[in-house]
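# Coordinates in review
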Amino acid sequence: EAEVAQSPRYKITEKSQAVAFWCDPISGHATLYWYRQILGQGPELLVQFQDESVVDDSQLPKDRFSAERLKGVDSTLKIQPAELGDSAMYLCASSLNREETQYFGPGTRLLVL
Amino acid sequence: GDSVTQMEGPVTLSEEAFLTINCTYTATGYPSLFWYVQYPGEGLQLLLKATKADDKGSNKGFEATYRKETTSFHLEKGSVQVSDSAVYFCALRDSSYKLIFGSGTRLLVRP
């Protein structure tokens, strides 16, 4: 069964450092999402891509976060500089198109010290 | 804006007990509704979904019915197992196609 891949699974960094997360969606899925899940809460959308285009980044803190999906396949989410409050699980999801069910990857757990 | 409210946990049950986790929503229009499950240290797995009023989603013994009149999508299972211990998230898909999640309900099933 096809799955969404994410790496790394865990990342520890110091505040003010740069971090990057990678996501490979299910093959053929045009829509890709990045969510942030703070401990004890539900995930919240950071950015949504349709192919290589951003369709919703209204909740992305653009002063420090950036996301790209250059060839419309895999995607990278970057934080620079990281802050203590960025400690969370970062989840990637994909769907065949915007109207279809979203499938999640295993997530990257970030700890900022 | 759209929102989802879940009952607070943890919910602690003995094996083979009946499970209900309440979920209500506020939304414009008639969104699709979902239940996702998250096991420790893992991502979210789709458990079931319903796309219109009166639809019943079901999977692995879990069921939920889309109730428009009460804006609810309660999760039920007739007989829980220890392996069902996890965090359960109710979610709706809004008009911009993003998922809006509740805060999650932790379920602990004791042998």
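Residues numbered from 1 in each chain as written. Chains lettered and ligands numbered in written order. Predicted model: local features only at pLDDT ≥ 70, side-chain atom pairs only at ≥ 80, totals over all residues. Heavy atoms only, no water.

### Thoughts on the overall build of chain B
Across its full length, chain B carries 0 helices and 12 strands. Shown N-terminal to C-terminal, the secondary structure of chain B runs as helices and strands in the order β-β-β-β-β-β-β-β-β-β-β-β. Computed over C-alpha atoms, the radius of gyration of chain B comes to 13 Å, within 12% of the 13 Å expected from 2.2 N^0.38 for 111 residues, which places it in the range of a compact globule. Based on the C-alpha atoms only, the size of chain B along its principal axes is roughly 40 × 30 × 20 Å. Counting the 111 residues in chain B, one finds 44% classified as buried. Looking at chain B alone, contacts between residues at least 24 apart form 54% of all its contacts between residues at least 6 apart. For chain B, the exposed surface amounts to about 5,300 Å²; the carbon and sulfur share of it is 47%. Averaged over its 11 positive side-chain charges, chain B has a centre that lies 4 Å from the centre of its 12 negative ones. (Helix = DSSP H or I, 4+ residues; strand = E, 2+ residues; numbered from the N terminus. Rg over C-alpha atoms; globule rule 2.2 N^0.38 Å. Buried < 20%, exposed > 50% of the residue type's maximum accessible area, 1.4 Å probe, protein only. Contact = heavy atoms within 4.5 Å. Areas by Shrake-Rupley, 256 points an atom, 1.4 Å probe, with all protein chains shown as cover. Lys, Arg positive; Asp, Glu negative; His and termini not counted. Charge placed at Lys NZ, Arg CZ, Asp CG, Glu CD.)

### Structural notes on the pairing of strand S5 (residues 44-50) of chain A
Residues and elements named next belong to chain A. When you tally the buried positions in S5, you get 5 out of 7 residues, the bulk of the element. The hairpin turn running from strand S4 (residues 31-37) into S5, its antiparallel successor, is 6 residues long, and Gly-40 in that turn takes a positive phi close to 85 degrees. Two elements, S5 and strand S6 (residues 53-56), share 3 bridges in a ladder whose sense is antiparallel. Counterpart to Gln-48 in the pairing with S6 is Asp-56. In this structure, the hairpin formed by S5 and S6 is closed by a connection of 2 residues, where Asp-51 is found at a positive phi of approximately 55 degrees. (Pairing = 2+ DSSP bridges.)

### Observations regarding the packing of aromatic side chains
Within this structure, the stated rule accounts for 11 aromatic pairs over all chains. Ring pairs connect the aromatic residues A:Tyr33, A:Tyr35, A:Phe104, B:Phe34, B:Tyr36, B:Phe89 and B:Phe101, which therefore count as one cluster. (Phe/Tyr/Trp six-rings, centres within 6.5 Å; stacked < 30°, edge-to-face > 60°.)

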